[in-house]
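One letter stands for each residue in the lines below.
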Amino acid sequence: MKISGFSFIRNAIKFDYPIKESILSILPLCDEFVVCIGNSDDNTLELIESINSRKIKIVHSVWDDNLRIGGQVLAIETNKAFSSISKESDWAFYIQGDEVVHESDHTIINDSMQKYLENKKVEGLLFKYKHFYGSYDYIADSRSWYRNEIRVIRNDKRIKSYQDAQGFRIENRKLKVKPIEATIYHYGWVKNPIEQQLKQKTFHRYWHPDEWLKKNIKSDNKYDYSNIDSLELFKGTHPSVMIDRIKKMDWEFNYNGKKKLNLRKNFLYKIEKLTGKRFFEYKNYEQI
């Protein structure tokens, strides 16, 4: 069984992406790792090169900044990375630049890939998610955040990244997947408020026109983390590759409790907490 990891990144240092930690977190599971590096204004290339592993394969890319609808440029860059992995690989492990895997999940991930290797009906593996918000101590737990997503796919070039690179499709249909007991630690909403605001001003340009940005993105220099509906305290351990980054946290985050939800959201939130089921949940996959 051969495994290829793949990802894309641009301006990792400028926007404080833990891409190095992302790659290192799954590198032990991979025979190679393809990184598609976009035209950057910082030392992103040097950062990736500092991993200093023979497994790393760098692909250079220039983003089309004219693509301003639906984040489609992110899917394009994902597809560039995926198309560059070895033809001999059986599985492709996709990870974004703000996602990290805990080393305690390595065994279950490897065993799952081995388990479903010959079952061609399984086109991907479905991971759980922990979305950290504001700091490394809190997880977003409302319906606004997706609970699962595909991160391991067959090395089948009919598979394409979908919309803004959240999931995948094969010939315009959802992938058939098996859920596994492994988790993606998502740190995209844990940054210094200055860097988070800079990211918001920049990356929303890949989804919305200038008129929308003027109405919806504040001109403040710092991101306001208080506009969150519900968080819960994180009681576990972080992946070991994140320890040094966590120690360097240089801002304060204060959570003052769950904001008032409307009646429907509050009812569904309580049902989910009681039953563990999320009714009317959008699923970007077909579970088999």
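Residues numbered from 1 in each chain as written. Predicted model: local features only at pLDDT ≥ 70, side-chain atom pairs only at ≥ 80, totals over all residues. Heavy atoms only, no water.

K.L.:
Help me out: how do you make sense of helix 5 (residues 193-203) in this one?
P.N.:
Given 3.6 residues per turn, any residue in an α-helix points the same way as the ones three and four places further on. Of all the residues in helix 5, the buried ones are P193, Q196, Q197, K199, Q200 and F203. Mapping the buried residues of helix 5 onto a view down its axis gives an arc of 160°, with all of them on the same face. Structurally, helix 5 contributes buried residues whose contacts are with strand 12 (176-189). One side-chain oxygen at the N-terminal end of helix 5 lies 2.9 Å from the backbone nitrogen of I194; it belongs to N192. (Buried < 20%, exposed > 50% of the residue type's maximum accessible area, 1.4 Å probe, protein only. Helix = DSSP H or I, 4+ residues; strand = E, 2+ residues; numbered from the N terminus. Arc of directions from axis to C-beta. Contact = heavy atoms within 4.5 Å. Polar contact = N/O pair within 3.5 Å; in protein donor to acceptor, adjacent residues only side chain to side chain.)

K.L.:
In this structure, what is going on with the pairing of strand 4 (residues 91-94)? I would like to understand it.
P.N.:
Along any regular strand the residues' side chains alternate between the sheet's two faces. Here strand 4 shows two buried faces, one formed by W91 and F93 and the other by A92 and Y94. As paired strands, strand 1 (residues 3-9) and strand 4 are joined by four bridges and run parallel to one another. If you follow S4 over to strand 4, its bridge partner there is A92. When strand 4 meets strand 8 (residues 148-154), the two strands line up antiparallel, connected through three bridges. Residue pairing in the sheet places W91 in a bridge with R154 of strand 8. (Pairing = 2+ DSSP bridges.)

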